[in-house]
Amino acid sequence: MRSRHWYDYLWVWSILFFVLGFFNILFAWLGMIDFLLPLALAAFGGNKFFCNSLCGRGQLFTVLGKQLKLSRYHSAPRWMASKWFRWGFLAFFLSMFASMVVQTYLVGAGAASLREAIKLFWTFRVPWDWAYTAGSVPEWVAQFSFGFYSLMLTSLLLGLIVMVLYKPRTWCSFCPMGTMTQGVCRWKAGKGQHDKISV
Ligand code: SF4
C-alpha cells in the first residue's frame, strides 16, 4: 500500500476554504492559490502534479464519491469529456472571471457600489453581508472576494452534482483548471520538441 503524504489530506483545506469564507468573505483571496499554483507548476514543471497530488477539490470528490459512496458510478455523457465542451466551458469560465474583474475595477473606481452578495450559477444572488465588515478593507478588495467566492462555490456545486450523478471525479474531465494546465503542459512539451529540433 502507498504510504500517505501530508498532501493526501488537502481535501480538508477544500472544505475549510468555504467555511472560512462563510464567516469572513476576505478569506476568498486564499482561493487564488488554487488558481495560480496549478498554472505555475505546469509552466515550470511541465506536469500535472497539482491535479495528481495537490488538488484538494479533486480529493474531496474522491472522498465523498468513492469512500462515502455518494457517487452512483454511472457513465457520464461522452460530450462532457469532449474537446469542444472542455474548451467551450473554459472560455465561458474565463469570461465570467473577466466580468468579475471588471466589476471589481468599477467598484474600485467608484463607478459601481459594492454588492455584499454572492451569485450562484452566475444567476442567483444570495445575500452574504454578515461575512463582511464595511470599511475594513478597500471596497474593491471586498468585491473581488464576493466574486471569487461565488465562482469557487458555483464550480464546487457543479462538481458535486456530477460527482453524485456519475463518477467521483467527473468534474475533472471538464474542470477549467485541468483544461488550462493540460494546455500549458502540451504547449511546454511541444516547445521542448521544437527547441530540440532547432538546436
Ligand atoms: S482537474 Fe480540476 S478539480 Fe480535478 S484535480 Fe485538476 S484542478 Fe483539481
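Residues numbered from 1 in each chain as written. Predicted model: local features only at pLDDT ≥ 70, side-chain atom pairs only at ≥ 80, totals over all residues. Heavy atoms only, no water.

S.K.: Break down the site of the ligand for me, with residues and values.
M.R.: The environment of the ligand is made up of Cys51, Cys55, Arg169, Trp171, Cys172, Cys175, Met177 and Gly178. Classifying every residue of the shell around the ligand gives six nonpolar, one polar and one charged. (Near = heavy atom within 4 Å. Nonpolar A, V, L, I, M, F, W, Y, C, P; charged D, E, K, R; others polar.)

S.K.: An account of the packing of aromatic side chains is needed here, citing residue identities and associated values.
M.R.: Enumeration over the complete set of coordinates arrives at 28 aromatic pairs. Between Trp171 and Phe174, the aromatic rings sit 5.1 Å apart at their centres with planes inclined by 70°, giving edge-to-face as the arrangement. Under the relative-accessibility criterion, Trp171 is labelled buried at 2%. Grouping aromatic residues by their ring pairs yields a cluster made of Trp79, Trp84, Phe85, Phe89, Phe92, Phe93, Trp122, Trp171 and Phe174. (Phe/Tyr/Trp six-rings, centres within 6.5 Å; stacked < 30°, edge-to-face > 60°. Buried < 20%, exposed > 50% of the residue type's maximum accessible area, 1.4 Å probe, protein only.)

S.K.: Could you give an account of the pairing of strand S1 (residues 117-120), naming the residues involved and the relevant values?
M.R.: Sheet topology places S1 next to strand S2 (residues 124-127); four bridges connect them, and they run antiparallel. Its bridge partner lying in S2, Ile118 is registered against Val126. Remark: three residues form the turn of the hairpin made by S1 and S2, two consecutive strands paired antiparallel; Phe121 in that turn has positive phi of roughly 55°. (Pairing = 2+ DSSP bridges. Helix = DSSP H or I, 4+ residues; strand = E, 2+ residues; numbered from the N terminus.)

S.K.: Give me the lowdown on the packing of helix H2 (residues 31-45) against helix H6 (residues 139-165), citing residues and values where you can.
M.R.: As a packed pair, H2 and H6 sit with axes 10 Å apart at the nearest point and diverge in direction by 65°. It follows that H2 is roughly perpendicular to H6 by the angle criterion. When H2 is examined against H6, the residues Gly31, Met32, Asp34 and Phe35 are found in contact with a partner set consisting of Phe144, Phe148 and Met152. Residue composition of the contact of H2 with H6, by class: five nonpolar, one polar and one charged. (Axes fitted to C-alpha atoms, helices over the stretch in contact; angles between N-to-C directions. Parallel < 35°, antiparallel > 145°, perpendicular 65-115°, else oblique. Contact = heavy atoms within 4.5 Å.)

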